[in-house]
Amino acid sequence: MCLTPCASRWRAALSVSGGVGGTATYPARFCLLLAANPCPCARTESSCTCRPLQRASYLSRLSGPLLDRIDVQVALGAITRGDIQAERGVGEASALVAERVAQARTAALMRYVGTPWRTNADVPPTALQRQWPIARAALEVVGKAMDDGHLTVRGYGRVLRLAWTMADLGGVGTPRKGDVDLALGLRLGPRWTAVAA
Ligand SMILES: [Zn+2]
């Protein structure tokens, strides 16, 4: 499912559940991708004419509770002519990426043999902490992010799951500090710099 740009349309997306007045369970698993421009005019930073208040108002339409349910946030800079000319369609092949993902999913599957879970996303964070603990030192920054209000309890659990995915992609077994920090950076998006400082 992909909604673009979500800053304009998320209200419509949420009205699906709000309209029925309850929770509906569908027999489906899906990956929700949202994309948003940084401001209403959507021009590059150098030619943007939006006032700071306009930008803030536009971005505030993405509510905190909605963003708290998004596991990964990535800020993308504007693509330049140089980027396009340098690329020439020679990026990493999808088949190679798919192979890496398959290996990571196999690593998770092996770890969760004998449990009801198959992927990191399936495992409740409390079970993840209890049965597959990460070294305390590796979790220092993520703990600080929570203490400083950058991360909710839900966010903390999502970072743990994401750290395991980073470790599975790297083939390193238990997540190390670098995996946890990377997961936190992906979770917080542009806010990561405030935590890392
Ligand atoms: Zn603008």
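You'll find the structure just up there.
Only a predicted model underlies this, so the values are computations on that prediction, with no experimental measurement involved.

When its secondary structure is counted, the chain shows 10 helices and 2 strands. Walking the chain from its N terminus toward its C terminus, one meets helices and strands in the order β-α-β-α-α-α-α-α-α-α-α-α. Burial analysis of the chain (197 residues in total) assigns 19% to the buried set. By sequence separation, contacts in the chain at least 24 residues apart represent 64% of the contacts at least 6 residues apart.

Turning to the packing of helix H7 (residues 140-147) against helix H9 (residues 177-188), a few remarks are in order. Following both chains from N to C, one finds H7 and H9 inclined at 30°, their axes separated by 8 Å at the closest point. Contacts from Val141, Val142 and Ala145 of H7 reach H9 at Val180, Asp181 and Leu184. Counted by class, the contact of H7 with H9 contains 5 nonpolar, no polar and 1 charged residues.

For the rest of this paragraph, the subject is the nonpolar core. Within the largest apolar cluster, 17 residues are counted, with the highest numbers of intra-cluster contacts made by Val142, Val159, Ala163, Met166, Val180, Ala183 and Leu184. Only H7, helix H8 (153-170) and H9 provide two or more residues apiece to this core. Not counting the four nearest positions on each side in its chain, Ala183 is found in contact with Val159, Leu162, Ala163 and Met166.

On the secondary structure map, Val172 appears in the loop between H8 and H9. The class for Val172 is partly exposed, based on 13 C-beta atoms found within 10 Å. Between the alpha carbons of Val172 and Ala107 there is a distance of 9.9 Å; along the sequence they are 65 residues apart.

What follows concerns unusual backbone geometry. Look at Ala42: it is not a glycine, yet its phi comes out positive at around 65°. For Ala42, a count of 14 C-beta atoms within 10 Å corresponds to the partly exposed category.

Before going further, it helps to spend a moment on H9. Taking 1.5 Å of rise per residue, 12 residues should cover 16 Å, and H9 covers 16 Å from first to last C-alpha, within 8% of that figure. When you tally the buried positions in H9, you get 9 out of 12 residues, the bulk of the element.

Among the secondary structure elements, Leu62 is positioned in the loop between helix H2 (52-59) and helix H3 (64-67). Separated by 26 residues in the primary sequence, Leu62 and Ala36 place their C-alpha atoms 9.1 Å from one another.

Relative to the assigned elements, Leu160 resides in helix H8. The buried category is assigned to Leu160, around which 23 C-beta atoms lie within 10 Å. In this structure, the C-alpha to C-alpha distance between Leu160 and Ala183, residues 23 residues apart in sequence, is 7.7 Å. For Leu160, the residues in contact, after removing those within four places along its chain, are Pro125, Leu128 and Gln129.

What follows concerns the packing of helix H5 (residues 94-111) against H8. It is at 8 Å that the axes of H5 and H8 come closest, and there the two elements cross at 115°. Crossing angle aside, the handedness with which H5 passes H8 is right-handed. Touching Arg100, Ala104, Ala107 and Ala108 of H5 are Thr165, Asp168 and Leu169, all from H8. Tallied by class, residues from the contact of H5 with H8 come to 4 nonpolar, 1 polar and 2 charged.

Thresholds, definitions, all that
Residues numbered from 1 in each chain as written. Predicted model: local features only at pLDDT ≥ 70, side-chain atom pairs only at ≥ 80, totals over all residues. Helix = DSSP H or I, 4+ residues; strand = E, 2+ residues; numbered from the N terminus. Buried ≥ 20, exposed ≤ 12 C-beta atoms within 10 Å, placed from the backbone. Contact = placed C-beta atoms within 7 Å. Axes fitted to C-alpha atoms, helices over the stretch in contact; angles between N-to-C directions. Nonpolar A, V, L, I, M, F, W, Y, C, P; charged D, E, K, R; others polar. Core = buried A, V, L, I, M, F, W, Y, C linked by C-beta atoms within 7 Å. Expected span 1.5 Å × (residues − 1). Left-handed = near helix turned anticlockwise from the far one by under 90°.

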